[in-house]
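Take a look at the letters that make up each chain.
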Amino acid sequence: MSLWDALLSKMLTARKRRIGPREAEQMLSAQGSDAAHPELSYLLAAAAAPPRSHELVGLAAAVAAYERAGLTAGETAVPAPRRSWLTRSVAVKAAAGTAVLLFGGTALAAETGNLPDAAQRHAHDLFSGLGVPPAERTSATPTPAGTPSALPTPAPSPSNHGRTISPSSPAALGLCRAWEASEKNPTGKKMASEAFQDLSRAAGGAANIAEFCAPLLDTGPAENGQGPPSAKPSHPDEGKGRGRPTTTPHQKG
Amino acid sequence: MGSSKPILPWWRASRKGVACWLGAFGRDGIDALDDEELAQALAAAVRGDAAAFAVLWHALQPALLRYLRVIVGEAAEDVASETWLQAARDLRAFAGEPPAFRVWLFRIARHRAIDERRRARRRPEEPQDLIDQDFAGSAPDAAAEVIQRSDTDWALSVIASLPKDQAEAVTLRVVAGLDVAQTAQVLGKRPGAVRIAAMRGLRRLAGHSEVKARRAAIRPSLGLPSARPEGV
């Protein structure tokens, strides 16, 4: 029972010494010392003690900024633009959208064989698996006959239409950045699904996005080549595509 | 309680009040300017007087820094200088009296602090700054200052351990010397909410183990005034 008594008395004293609105206001407004709470008054007084020398550092920079503002006709002072999450997510979307627009057109041109020869050859080298034909006048780079079993080439799928993205292009970088942002912040805004599909197509599958993006972002898991677990393949069959198409021997599409 | 005065901002009342019984904490508290001095400096600074701006800075920087210390910790210095940069830029467009200026300044500080927290959340990890060394280097000497420094830092760290809304309310009231309405403006809350947050903060502080532990240490040296000079 002694324990109970102790607890009870503790509760009683706690109740008795509980700070009410008036006491609180007294301590807060004029730093009145409360005889019932000397330690609390001490704490508040210490928090509001006179300034110390190390707290008065930075005056020169502030005054310099003030004078600069005066020189540049500071009558119409504008508050600093604050970058909100909204701004950022809009920026990410805009970047991804621009990338899709710019390179969707290029990819379409590549697929229909309308690029200049050099570019068409390059596009073919990169994306033969996605149905980009070689340049007309020059034959495609000689395909090595060996190792067909080691690296199964993704079959050229005529259903792949439109937007493909070169890994060296700014579009890929933009999409990778957007992808990385949405990976790092799973609670935040998801990547737009079209952008995600484009990226996963360029990478040869959603599971390969991490590997595809790693050299571009120069961070990330380059070795294991596996996306974070939250990367959902939008097209399950695409997940079977292997590696980057630049290194795979190809068949003519 | 037949006081003729309304609730005084603490930094005026404190001259006669608590500060005197805490010898270590000196006379004037953190903000030594009264409203008239501040009003003059403010008017001149709005007109473009750099010396007056320096006066404002001196008057408000310590409180600003301590408020930021409570809400952003070690980033306080950086956020304080960002705050002053923005204030320096926008001050010429400011119209109002010193109380409004305090609110204005602390609102800027709060927004910069929110930005800083956002940045801190985005950057994965960072080596610790050498804050302690900075402190040691800039202090002139004097044992009194050492004690005082550690007490103030201790107090701020204890306040910073409160839930955020309580910590902010207590700091703005006590350290910045804002009243309930001004604190509510800074925080964008209703005055009632500020009152409750501050009261809960005080209750929690009173029950804080470190605060209780200090009690034994400070009791012998306390010359508590028998009553407050003015009823409130």
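Residues numbered from 1 in each chain as written. Chains lettered and ligands numbered in written order. Predicted model: local features only at pLDDT ≥ 70, side-chain atom pairs only at ≥ 80, totals over all residues.

1. So, the overall build of chain B
From N to C terminus, chain B includes eleven helices and zero strands. Helices (α) and strands (β) of chain B occur, in sequence order from the N terminus, as α-α-α-α-α-α-α-α-α-α-α. Counting only residues that meet the buried cut, chain B has 41% of its 232 residues in that class. For chain B, contacts bridging at least 24 residues in sequence account for 67% of all contacts bridging at least 6. (Helix = DSSP H or I, 4+ residues; strand = E, 2+ residues; numbered from the N terminus. Buried ≥ 20, exposed ≤ 12 C-beta atoms within 10 Å, placed from the backbone. Contact = placed C-beta atoms within 7 Å.)

2. Some points on helix H9 (residues 180-187) of chain B
Residues and elements named next belong to chain B. The buried fraction of H9 is high, at six of eight residues. Every buried residue belonging to H9 is among Val180, Gln182, Thr183, Ala184, Gln185 and Val186, and all of these are buried. Tucked inside the fold, the buried residues of H9 contact helix H5 (98-122), helix H8 (164-174) and helix H10 (191-206). Two residues or fewer after H9 comes Gly188, characterised by a positive phi angle close to 70°.

3. With respect to the environment of B:Gln185
Along the chain, B:Gln185 turns up in helix H9. Note: C-alpha distance between B:Gln185 and B:Trp104 (81 residues apart in sequence) is 8.9 Å.

4. Examining the nonpolar core
Ranked by internal contacts, the top residues of the largest apolar core, which has 72 residues, are A:Ala47, B:Tyr67, B:Leu68 and B:Leu202. Counting residues per element, this core draws most heavily on helix H3 (residues 50-72) of chain B, at 13 residues. Filtering out sequence-adjacent residues up to four positions away, B:Leu202 remains in contact with A:Ile19, A:Ala24, A:Met27, A:Leu40 and B:Val170. Membership of the second largest hydrophobic core comes to 16 residues, among which are A:Trp179, A:Leu199, A:Ala203 and A:Cys213. (Core = buried A, V, L, I, M, F, W, Y, C linked by C-beta atoms within 7 Å.)

5. Focus on helix H4 (residues 76-90) of chain B
Along its 15 residues, H4(B) runs 21 Å from first to last C-alpha, staying within 8% of the 21 Å computed at 1.5 Å per residue. Turning to H4(B), its buried residues are B:Ala76, B:Val79, B:Ala80, B:Glu82, B:Thr83, B:Trp84, B:Leu85, B:Gln86, B:Ala87, B:Ala88 and B:Arg89. (Expected span 1.5 Å × (residues − 1).)

6. So, the environment of A:His37
Looking at where A:His37 falls in the secondary structure, it is placed in the loop between helix H2 (21-30) and helix H3 (38-47). Counting along the chain gives 14 residues from A:His37 to A:Glu23, while the straight-line C-alpha distance between them is 9.9 Å. Leaving out residues up to four positions away in the same chain, A:His37 has contacts with A:Ile19 and B:Ala206.

7. Notes on the confidence of the model for chain B
A low pLDDT score tells you not to read the predicted coordinates there in detail. Residue and element names in this part refer to chain B. The predicted model of chain B has a mean per-residue pLDDT of 77, with 67% of residues at 70 or higher. No element of chain B has a lower mean pLDDT than helix H1 (residues 10-13), which averages 40, and none a higher one than H9, which averages 96. Note that residues 130-140 has pLDDT below 50 and, in this model, eleven contacts with residues that lie over four places away or in other chains. In this model residues 220-232 is a low-confidence stretch, pLDDT under 50, and it forms 24 contacts with partners more than four residues away in sequence or in other chains. Interface predicted TM-score (ipTM) for the complex: 0.73; the corresponding pTM is 0.51. (pLDDT = per-residue confidence, 0-100.)

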